[in-house]
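# Summary of structural features
The lines below spell out each chain.
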Amino acid sequence: MGKIDDIENHTKGSPAATLDRRDSHDGKASLKGSEPHVGRSELSDVTPPDDGYEGRHRWDPLATWTPEEEKAVIRKTDIWLLSWLCVMFFGLQLDRGNLANALADDFLGDLGLSRDDLNNGNTIQLVAFLSAEFPVQFLTKRYGFRYVLPAMMFAWGTVSWGQAWIHDRAGFYVTRALIGACEGGFIPGAILYATYFYTSSELSTRLAVFWSTLNVARVISALLAAGILKMRGIGGHPGWFWLFLLEGLLTVLLAFISFIYLPASPTKTNGILFRKPWYTERQEVIMVNRILRDDPAKGLTLLNEPATWQDVKATWTDKSLWGLFFIGLIAYIPATPVQGYLTLTLRDLGFTDSFDINMLTIPSAVLQIITMLILARSSKYFNERTLHCFIGEFWVMPLLIALITLPDGGREWGRYSLVTLISGYPYFHPIVTSWISENTFDVKKRAIAAATYNVIVQVGSLIGSQIYRDYQKPYYKIGNTTLVSISALALVTFIAQRFVLVGLNKKKEEQWDKLSTEERVAYQNDVTARELDGNKRLDFRFVY
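In this report, the structure presented in the accompanying data block is examined.

Cut-offs applied
Every chain is numbered independently, its residues counted from 1 as its sequence is written. Per-residue local features are limited, in this predicted model, to residues with pLDDT of at least 70; the limit for side-chain atom pairs, both in listing and counting, is 80 or more; totals at the level of whole chains, interfaces and linings are taken over all residues. Processing note: side-chain calculations cover all non-hydrogen atoms of the structure and skip hydrogens and water entirely. Runs of H or I in DSSP of at least four residues are treated as helices and runs of E of at least two as strands, each being numbered from the N terminus. What the globule rule says is 2.2 Å times the number of residues to the power 0.38, and the radius of gyration is computed from C-alpha atoms. Per-residue accessibility, obtained with a 1.4 Å probe over protein chains only, is compared with the maximum for each type, and a residue is labelled buried under 20%, exposed over 50%, and partly exposed between these values. Charge convention: Lys and Arg are scored as positive, Asp and Glu as negative, and His as well as the terminal groups of each chain are ignored. The atom standing in for a charge is NZ when the residue is Lys, CZ when it is Arg, CG when it is Asp and CD when it is Glu. Definition used in this section: a nonpolar core is a set of buried Ala, Val, Leu, Ile, Met, Phe, Trp, Tyr and Cys residues joined via side-chain atoms within 4.5 Å. For this analysis, residues touch if any pair of their heavy atoms sits within 4.5 Å. Note that the arc is defined by the directions from the helix axis to the C-beta atoms. Whenever a carboxyl oxygen of Asp or Glu lies within 4 Å of a side-chain nitrogen of Lys or Arg, that contact is scored as a salt bridge.

### Structural notes on the overall build of the protein
- Secondary structure assignment for the protein yields 25 helices and zero strands.
- Compactness check: the protein gives a C-alpha radius of gyration of 24 Å against a globular reference of 24 Å for 544 residues, within 12% of the reference.
- By its C-alpha atoms, the protein is 75 × 55 × 40 Å across when sized along the principal axes.
- Counting all 544 residues of the protein, 60% fall into the buried class.
- Positive and negative side-chain charges in the protein, numbering 54 and 54 respectively, have mean positions lying 0 Å apart.

### Details of the nonpolar core
- One finds Phe107, Phe186, Trp211, Trp240 and Phe428 to be the most contacted residues of the largest nonpolar core, which totals 131 residues.
- No other element matches helix α3 (residues 67-102), which puts 11 residues into this core.
- With near-sequence residues (within four places) excluded, Phe186 lies in contact with Met88, Phe89, Leu92, Leu149, Met152 and Trp156.
- Core analysis: the second largest hydrophobic core is formed by eight residues, Phe134, Phe138, Val312 and Ala451 among them.

### Considering the side chain of Ser487
- Along the chain, Ser487 turns up in helix α23 (residues 477-513).
- For Ser487, a relative accessible area of 0% puts it in the buried group.
- Leave out the neighbours within four places in its chain, and Ser487 touches Pro334, Glu393 and Met397.

### Details of helix α19 (residues 396-405)
- For α19, every residue scored as buried is listed here: Val396, Met397, Leu399, Leu400 and Leu403. Seen along its axis, α19 keeps its buried residues to an arc of 165 degrees; they face one direction.
- Buried residues in α19 make contact with α14 (336-340), α18 (386-394), α20 (412-423) and α23.

### Looking at the pattern of salt bridges
- Scanning all chains against the criterion turns up 17 salt bridges.
- Note that Glu284 and Arg58 form a salt bridge whose closest N and O atoms lie 2.7 Å from each other. Highlighted residues: Glu284 in helix α11 (residues 281-294) and Arg58 in the loop between α2 (15-19) and α3, separated in sequence by 226 residues. Across the pair, Arg58 and Glu284 agree in class, each one buried.

What follows is the structure in structure tokens.
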């Protein structure tokens, strides 16, 4: 995984790292050896897993392993788990984004809809999406990810192929609402599921790969649409009829496979499809202990332990998260209407053939895959978040200014280039998502924080979908001016959030320094208080 992984793996797996602050298997800090350390990854010594934790039988605080052994475990997880989560996310994006492809086949004209009707449909979808976010998080914590996620996939796939038969505005609105309700909560649920298999340093890169699937889906769906939309007239149906039908049925098939594919936990990976576990007993020991040493809170909450409204309250009153939530509201708006209106913008610029339009959407998707992975990898390498998100946000601003200042008339390829560069901006959503996960200690709080953040991001998308209006076309200069202002606000917010977290850490350090060594040991051994206080503890440090 690179230089940083090698250093971390060697440290976590070495006897010195395991024994210098522990004199027994009971997880209690001792006055022997070095002074008590601070930071989430340093707290595993004093935070043993719950007796009911799924991997408790593999927990060994004295276990050691080599970097090569850990790399083998990570590689196996990438192949078996991450790849299939990407396939499931592909199904999500395929059905969520095929409307944009259908627009190239005169979908609005066939149904007698205006662009304002399209905006209203997107708004309805997002409202339904938001309404499902928190209920889904409660369901996944109650019944398990392996059942809830495939069930959601089956539901939205069914609605997707069913929308092939819509014929008016009412049917369009109803299917938008149903798709939103069935998809809401899937993304934060899948992310939380992945956290049980990956350490915090590995998560942002994996999430970047996960979200790259969004753009892979854009490329593949564009290629599929280019061919499927040519089926217009077959059976007396328009091309978008076949697009919705075939892609929806594909998602349903993937949902059935997911039911028998997904594992219950890192130590229970066998099932109907896999008669033998993914990992050997030795690899399960490595998997469990490396996860708990990075984030001991994962051993305190069972996979199926339900969240409560008290967890919701604790999350929403955590001031360390407020800035990141606000970032989720505004930071992605500047590119949202540009991406959402890409096919319609191409039609406005004079491109009329549906095949050409769908092919012209591919470069922006490929560009975003490349820029997002580079940004996430760099963030992981330098262990830095704020500056990288700032770069991703700033990318959009000069391009929007160029669209505003470009004279009206002609210059179609110049406008296309600017729109493509905006749509392909370095998507820093994986970094912020991982950032939130790292700055929460309790797993249930982490689930609620992820859902809250995703809800707020979707609210931002809702706002973004309303910025371009019919009267502004074809150049949307009023809308683009608004987007520049929002981008500037987001840049200021990133800087402010960094200062807030630096200040919170400084206050903790001041109080921590006042404690004697004996007081620090007693403080760290108070496991009950740690579960209640989480990231408020003096030995927890926020990352930025």
